[in-house]
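Here is what each chain is made of, one letter per residue.
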Amino acid sequence: MSVNRMTVILQVALDFVDLHRAVKVAEAAIEGGADWLEIGTPLIKSEGMNAVRHLRKLFPGRTLIADMKTMDAGRAEMEIAAKAGANIAVVMGNAPVSTIRECIQAGKNYGIKICVDCIDSSNIGDYVADIEKWGADFIAVHTAIDDQMYGKTPFDTLRHVCSKVKIPVAVAGGINSENVVDAVNAGASVVIVGGYISKSKDVKIATETIKNAMRENRRVSTTLFKRVTSEGIRETLNRLSTANISDGSHRAEGITGLYPIYSDIKLIGNAITVRTYPGDWAKPVEAIDIAKEGDVIVIDAGGVGPAVWGELATHSALQKKISGVVINGAMRDLAEVRKLNFPIFTKIAMPTAGEPKGFGEINIPISISGIHINPGDWIVGDDDGLMVIPALEANAWVNYGMDCLEKENRIREEILSEKSSLGKVIDVLKWERQ
Ligand SMILES: O=C([C@H](O)CO)[C@H](O)[C@H](O)COP(=O)(O)O
């Protein structure tokens with residue numbers, strides 16, 4: 001278990017809630033070159049210390065880390081981890097000083113090493129020198145999964161901490177094959193990788209890829225397992241379904257009662273909102289001239305006819321490279337519009353048009369089926385329906401959606417490769433409320 005700054009250890013975090021899934025990933029990760037195995041906090045909370053005992057039996061000689069995330073009662077928790085078979089146990093850097101010191105002392109008594117995890121490291125500063133002085137074996141610089149969703153990364157703090165202490169520094173938080181070199185170059189001795197390996201379709205290949213990237217000090221590009229800032233939102237939304245977005249945002253509801261005019265539809269863009277009155281198509285048509293390339297015109301016409309949109313408006317929208325239209329009201333010329341392959345969601349189709357009177361407003365907050373839409377909000381539509389993503393929270397919605405997509409990819413792979421079922425893979429009976 002010795003660590004120096006020349007050899008960088010790859011620690012694979014088994015962040016599962018089911019032991020049988022964690023074991024499969026552990027086996028494949030070891031085949032792919034993982035050095036250490038971490039029994040992740042979700043696994044410990046779900047399966048208890050039996051997870052550590054079980055992995056100890058399966059991997060007798062392997063360094064196992066119990067990610068206890070201890071905040072109090074340090075002595076007792078370190079004893080539990082040691083006796084279950086862990087080689088290293090984790091106490092939080094923002095636990096009371098007394099708890100950290102108790103863990104370090106207990107670690108010495110029970111023969112395990114102690115890692116102090118500075119998960120919210122914004123103000124750790126000189127504190128890490130104290131942690132080192134107290135006798136910790138490792139310090140971990142860690143960007144929480146929830147913070148990753150808002151675009152945070154651990155690398156700046158890692159560089160700072162590595163310059164302050166001599167003990168080995170571990171790093172965790174969104175490490176993938178593209179940015180693992182940043183961790184190595186910033187001075188990490190242990191690289192902790194969770195999602196990139198545990199959610200990948202092929203765990204062995206993912207482990208080999210990241211190991212090679214570390215060894216050869218190069219970036220291997222990946223489209224999954226990385227989080228966007230405002231720049232990559234549209235591109236990432238292209239890969240997400242409305243179901244992923246809803247799942248990622250605590251099962252947020254989308255607009256209901258509006259339907260796509262053809263199947264296999266995909267609509268993405270920022271909302272130009274329009275409020276008009278039944279059949280008054282002046283503001284919808286004016287909105288086309290206001291919209292920019294990639295926008296979505298969202299029209300609230302009160303949910304009734306006559307039509308406020310048709311073929312000629314569609315040709316105009318295509319000229320402006322507008323992404324699509326959402327109509328809480330009626331449209332017409334469906335056959336022609338379908339041929340143009342222009343994404344529209346509408347409540348009603350009817351032959352009768354209204355006329356341009358000019359009532360209503362453009363770019364004001366509107367509400368359709370109880371869902372609020374502000375100008376600039378992201379609108380995403382597919383065959384399942386329409387989701388509205390508040391512009392100011394777009395990063396987090398998209399990143400949590402990606403996390404759901406990645407988890408589903410892994411579950412699908414397990415169902416197919418093991419000829420299994422969803423119920424078996426996720427052990428659904430266990431999750432029925434007791
Ligand atoms: O420790 C972890 C987290 O707090 C959940 O328990 C993760 O293992 C760690 O963040 C690594 O996971 P990724 O960020 O998915 O690589």
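Residues numbered from 1 in each chain as written. Predicted model: local features only at pLDDT ≥ 70, side-chain atom pairs only at ≥ 80, totals over all residues. Heavy atoms only, no water.

Asks: Tell me about the site of the ligand, residues and numbers included.
Replies: Not every one of the 15 residues close to the ligand is listed here, only the nearest: Asp15, Gln148, Gly174, Gly194 and Gly195. Measuring from an oxygen atom of the ligand, one finds a side-chain N or O atom of Glu38 at 3.4 Å. Note that an oxygen atom of the ligand is positioned 2.8 Å from one of the backbone N or O atoms of Gly194. Relative to its unbound accessible area of 400 Å², the ligand is 89% covered by the protein chains. Put simply, the parts of the chain that give the shell around the ligand at least two residues each are helix H2 (41-47), strand S3 (64-70) and helix H7 (145-148). Partitioned by chemical class, the residues of the shell around the ligand number four nonpolar, seven polar and four charged. (Near = heavy atom within 4 Å. Polar contact = N/O pair within 3.5 Å; in protein donor to acceptor, adjacent residues only side chain to side chain. Areas by Shrake-Rupley, 256 points an atom, 1.4 Å probe, with all protein chains shown as cover. Helix = DSSP H or I, 4+ residues; strand = E, 2+ residues; numbered from the N terminus. Nonpolar A, V, L, I, M, F, W, Y, C, P; charged D, E, K, R; others polar.)

Asks: An account of the nonpolar core is requested, with residue identities and associated values reported.
Replies: In terms of nonpolar packing, the biggest core is built from 73 residues, with Leu14, Leu55, Leu158, Ile175, Val191 and Ile197 touching the most fellow members. When residues of this core are assigned to their parent elements, the largest contribution, seven residues, is made by helix H1 (residues 19-31). (Core = buried A, V, L, I, M, F, W, Y, C linked by side-chain atoms within 4.5 Å. Buried < 20%, exposed > 50% of the residue type's maximum accessible area, 1.4 Å probe, protein only.)

Asks: I'd love a proper account of the environment of Met49, names of residues and values included.
Replies: The topology assignment puts Met49 in the loop between H2 and helix H3 (50-58). For the pair formed by Met49 and Ile261, sequence separation is 212 residues and the distance between their alpha carbons is 54 Å. Dropping the residues within four chain positions of it, Met49 is found in contact with Ile44, Met68, Ile80, Ala81 and Ala84. (Contact = heavy atoms within 4.5 Å.)

Asks: Before we move on, could you go through the pairing of strand S8 (residues 190-193) and cite the residues and values that matter?
Replies: Going residue by residue along S8, you find Val190 and Ile192 tucked away on one face and Val191 and Val193 tucked away on the opposite face as well. As defined by bridge partners, strand S1 (residues 9-14) adjoins S8 across four bridges and the pair is classed as parallel. Opposite Val12, over in S8, you have Val193 as the bridge partner. Bridge count for strand S7 (residues 169-172) against S8 is three bridges, and the pairing is parallel. Across the sheet, residue Ala170 finds its bridge partner in S8, namely Val190. Crossover handedness for the path S7 to helix H9 (residues 180-185) to S8: right-handed. (Pairing = 2+ DSSP bridges. Right-handed = clockwise from strand over helix to strand, strands pointing away.)

Asks: Break down the sheet that holds strand S2 (residues 36-39) for me, with residues and values.
Replies: Pairing is parallel around the closed barrel formed by eight strands, whose spatial order is S1-S2-S3-S4-S5-S6-S7-S8. This sheet shows a mean twist of 25° between the axes of neighbouring strands, independent of strand direction. Pairing analysis gives three bridges linking S2 to S3, with the strands arranged parallel. In the strand pairing of S3, Ile39 is matched with Ala66. (Axes fitted to C-alpha atoms, helices over the stretch in contact; angles between N-to-C directions.)

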